[in-house]
Amino acid sequence: MSRAAENDPAEAPSRPSSGAARRRVRPSGRMLLLVVALMLLGAVGGVAAALAPWLFSPAAALTAVTTQFNEATGLYLVAQSGPRLSLTPRPHLVMSGVVFGDPNKTLLVEADELRGDLRLAALLAGRLEMDSLTLQRPRTRLDLDRERIGAPGAAARAAAAQSGSVAAQKADAYRLGVVTIVDGALEVRRNGADHVVEKIAATLDWRKIGEHALLTTAFDWRGQRLQLVLWVARPGIFLRGDPTVATARIDGENLRLEAQGVAQTGANPRYAGRIAGSAASVRDALGLFGIEPALPGPFGDAEIVAQAAIGPHDAAFRDLRIEVDGNVFEGEISARVEEGRPYVSAALHSDFVALKPMFFDAPPLVVDGQWSQKPLDPPDLSGADLDLTITARHARLGRLTLDDATMAAKLRDGALDLSLLEARAYRGQLKARGSFAATGGALSMHASAQTTGVDARALLSDGFGKEALGGALDSTVSLDARGETVADMLRGLNGRLTLNLSDGEIDGVDFDRALRRFEKRPLASAQDIRSGSSALIRGSANVIIENGVGALEDGAAQGPGFALAFAGTANFIERSLALKAAAREADPAGKARENGLQIAVDVAGPWDELKIAPDPKAFIRRSGAAAPLLPEAPR
């Protein structure tokens, strides 16, 4: 368009005035407002029409709620009053004094209040469907001693459907929702005993039977606050007995346990997957499950990781790693129930094992220098049977050390058998076995041990803090005892000891020097015999123990320049020794000389304070100067 035309009113197109424009727009604006109003009115009318049956008929609302509840859970619901509906902040209903359960009262729940959030789309379509449900202060009683009777719920229908069938697909498509429990309590009766869970806070998010389900809950159980999380990938097939991925975790002050794997129910319920857990105290952790094992130690600061296969009557743990009481074990454990009795088998290995924690509960043997009079009170071990084997490159009990040790524990009908099957120790070999059984309030024991080529000095030093003897020790020990206290057991101790020592020495006595000086300086040789040491070529002793007293006969020892014979008693009840020894002159090989000099020696006193005392009369008689001091022998 030209500029002239723009400036020429005659050429310009006619335009309506502003007033005319407003008059022309107003009818269309009214029409728009009218359309919006009609739509809103229709929506409100639709909502009102949809809500009318529920707003003006509580009985109809109650029927709809109870029908849906029964169809979903298989339980029957009653309430003190009909549902109260509200549209804000979102459509929901509230019911007070709610009770639901099955007709046989296997399951009975009483809640102060039930709140159900409604599905808006279903509500607009004229249906009352709950999308989520909250129970305030529900008190639940589950009596497993009764048989449940009731209509099957959605879960039961899914479980009954055949896998892959149309019925299974339909059951898996059933819509559930979210259930929340606030300040709940649960009482479970089983085999006549009641178990109570308190202060329950839980949420079950399970939107459809066939979709994943997540349970998160916290509760008080046997004095501890626990948290539980359970997730199942496909609950529908899980209910039908087919395997599905599942995870679970329990957290508490003393216990943490988690599992990730595949689970299934049905005729062959199983779980297979990884488990990991830790506990500050294994005793306390097992106590949460009603298990009170007689563990031989504190079993603290425990951790476990394993691949597990668990069924109703058996369990196997492979690629197992256990840390407990500072020890680390690897291996495998299996358990099964036979005729109602648990049986556990384990094969473990470790680089180093500290055995002291395993004797944590062992009663003291000696109190104030005397055998303990405290009742032994042996634990009841009859609840399960056990076969345990532990191999360790190194093991330690106090100061005692073992290498390449194989240890075993067997428990049968309450009788415990502990064995050191083999071990290298102190340059030699060591084996030991102990059997224990509690009968009539008393403890019965049979013990045996064998050493081959063991360094006696190192063994006595680490075991008893003494170094009286050295050399290679071959020995056998067999002991039997029974009693209600350690002192009782020592009074009834019976057995046999056989000792052989070679290429060693005897500390605190010098037989060779004393015999060489006995002829010329008998009184000085009495002092010589109680100092220094005697080289030992070989020595042997046999001890027969009856009722706590050991008789030592035909004891012998030979060394360069002396031959020793000794006999006497070892009183195990009083912890004392009384020996008489006679040392004779001998050649360098220890062979006694005919008509050689002889010295008599007494070895006596408590085990912790043994004293070596030469026969003073023999030394005085040998001394010409001191002989007149002796009284004359009676004629």
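Computed from a predicted structure; not experimentally measured.

Caption draft 1: Up close: the overall build of the protein. On a plain count of helices and strands, the protein comes out with 13 helices and 32 strands. Taken across its 635 residues, the protein has 35% of its residues classed as buried. Here the analysis covers contacts within the protein between residues at least 6 apart in sequence; of these, 49% occur between residues at least 24 apart. Of the roughly 36000 Å² of accessible surface on the protein, a fraction of 57% belongs to carbon and sulfur atoms.

Caption draft 2: Spatial organisation of the packing of aromatic side chains. For the structure shown, the criterion picks out four aromatic pairs. Aromatic ring contacts, followed pair by pair, group Trp371, Phe572 and Trp607 into a single cluster. Here the basic side chain of Arg157 rests over the ring of Tyr174, its NZ or CZ set 5.2 Å away from the ring centre. Here the guanidinium or amino end of Arg575 rests over the ring plane of Trp371, the centre of that ring lying 5.1 Å away.

Caption draft 3: Summary view of the nonpolar core. If you look at the biggest cluster of nonpolar residues, it comprises 40 residues, and the most contacted ones within it are Leu493, Phe511, Ile545 and Leu564. Dropping the residues within four chain positions of it, Leu493 is found in contact with Leu479, Asp480, Ala481, Ile545, Glu546, Asn547, Gly548 and Phe572. Formed by 32 residues, the second largest nonpolar core is a distinct cluster that contains Val232, Val324, Phe329 and Tyr426.

Caption draft 4: Up close: the pairing of strand E14 (residues 300–310). Bridge count for strand E13 (residues 270–281) against E14 is 10 bridges, and the pairing is antiparallel. Considered in E14, the bridge of Ala276 is made with Val305. Bridge count for E14 against strand E15 (residues 314–324) is seven bridges, and the pairing is antiparallel. What sits directly across from Gln307, in E15, is Arg318.

Caption draft 5: Structural view of the pairing of strand E28 (residues 549–559). Bridge count between strand E27 (residues 533–546) and E28: eight bridges; the pairing is antiparallel. Among the inter-strand pairings, Val543 is bridged to a residue of E28, identified as Leu552. Counting the residues in the hairpin turn of E27 and E28 gives two residues, including Asn547, whose phi is positive at 50°. Pairing of E28 with strand E29 (residues 562–571), which is carried by nine bridges, proceeds in the antiparallel orientation.

Caption draft 6: Up close: unusual backbone geometry. Within the chain, Asp301 stands out as a residue other than glycine whose phi angle is a positive 50°. Here Asp301 shows up in strand E14. With a phi close to 50°, Asp404 is a non-glycine residue in the positive phi region. Inspection of the secondary structure assignment puts Asp404 in strand E21 (residues 400–412). On the basis of relative accessible area, Asp404 is assigned to the partly exposed category, the value being 41%.

Caption draft 7: Here's a closer look at the side chain of Ser419. Locating Ser419 in the fold gives a position in strand E22 (residues 415–425). At 3.0 Å, the side chain of Ser419 forms a polar contact with the side chain of Asp417.

Caption draft 8: Molecular detail of the pattern of salt bridges. Counting across every chain of the model gives 31 salt bridges. We note a salt bridge from Glu187 to Arg141, for which the minimum N-O separation is 2.3 Å. Highlighted residues: Glu187 in strand E7 (residues 175–190) and Arg141 in strand E6 (residues 139–143), separated in sequence by 46 residues. Accessibility expressed as a relative area gives 26% for Glu187, which makes it partly exposed. Residue Asp488 is joined to Arg491 by a salt bridge in which the shortest nitrogen-to-oxygen separation is 2.4 Å. Taken together, the positions of Asp488 and Arg491, both in helix H10 (residues 486–491) and three residues apart, correspond to about one turn of that helix. On the basis of relative accessible area, Asp488 is assigned to the partly exposed category, the value being 27%. Assessed through its relative accessible area of 38%, Arg491 is described here as partly exposed. Ionic contacts of the salt-bridge type, sharing partners, join the residues Arg249, Asp251, Arg256, Glu258 and Arg274 into one network.

Caption draft 9: Just the environment of Ala201, in detail. Its place among the elements puts Ala201 in strand E8 (residues 193–208). For Ala201, a relative accessible area of 36% translates into the label partly exposed. As a C-alpha pair, Ala201 and Asp183 span 18 residues in sequence and 5.7 Å in three-dimensional space. Excluding residues within four positions of it along the chain, Ala201 makes contact with Ile181, Thr216, Thr217 and Ala218.

Caption draft 10: Structural detail: the confidence of the model for the protein. For the protein, the mean per-residue pLDDT works out to 85, and 85% of the residues sit at or above 70. Low confidence marks residues 41–50, where pLDDT is under 50. Its contacts with residues over four positions away, or in another chain, come to four contacts.

Caption draft 11: Structural context of helix H9 (residues 456–464). Here H9 has its buried residues at Ala456, Arg457 and Ser461. The arc enclosing the buried residues of H9, seen along the axis, measures out at 130°, which places them on a common side. Summarising the contacts, the buried residues of H9 are in contact with strand E24 (442–455), strand E25 (469–483) and strand E26 (494–507). Where H9 begins, the side chain of Asp455 points an oxygen toward the backbone nitrogen of Arg457, at a separation of 3.1 Å.

What counts, and where the lines are drawn
Residues numbered from 1 in each chain as written. Predicted model: local features only at pLDDT ≥ 70, side-chain atom pairs only at ≥ 80, totals over all residues. Heavy atoms only, no water. Helix = DSSP H or I, 4+ residues; strand = E, 2+ residues; numbered from the N terminus. Buried < 20%, exposed > 50% of the residue type's maximum accessible area, 1.4 Å probe, protein only. Contact = heavy atoms within 4.5 Å. Areas by Shrake-Rupley, 256 points an atom, 1.4 Å probe, with all protein chains shown as cover. Phe/Tyr/Trp six-rings, centres within 6.5 Å; stacked < 30°, edge-to-face > 60°. Lys NZ or Arg CZ within 6 Å of the ring centre and 35° of its normal. Core = buried A, V, L, I, M, F, W, Y, C linked by side-chain atoms within 4.5 Å. Pairing = 2+ DSSP bridges. Polar contact = N/O pair within 3.5 Å; in protein donor to acceptor, adjacent residues only side chain to side chain. Salt bridge = Lys/Arg side-chain N within 4 Å of Asp/Glu carboxyl O. pLDDT = per-residue confidence, 0-100. Arc of directions from axis to C-beta.

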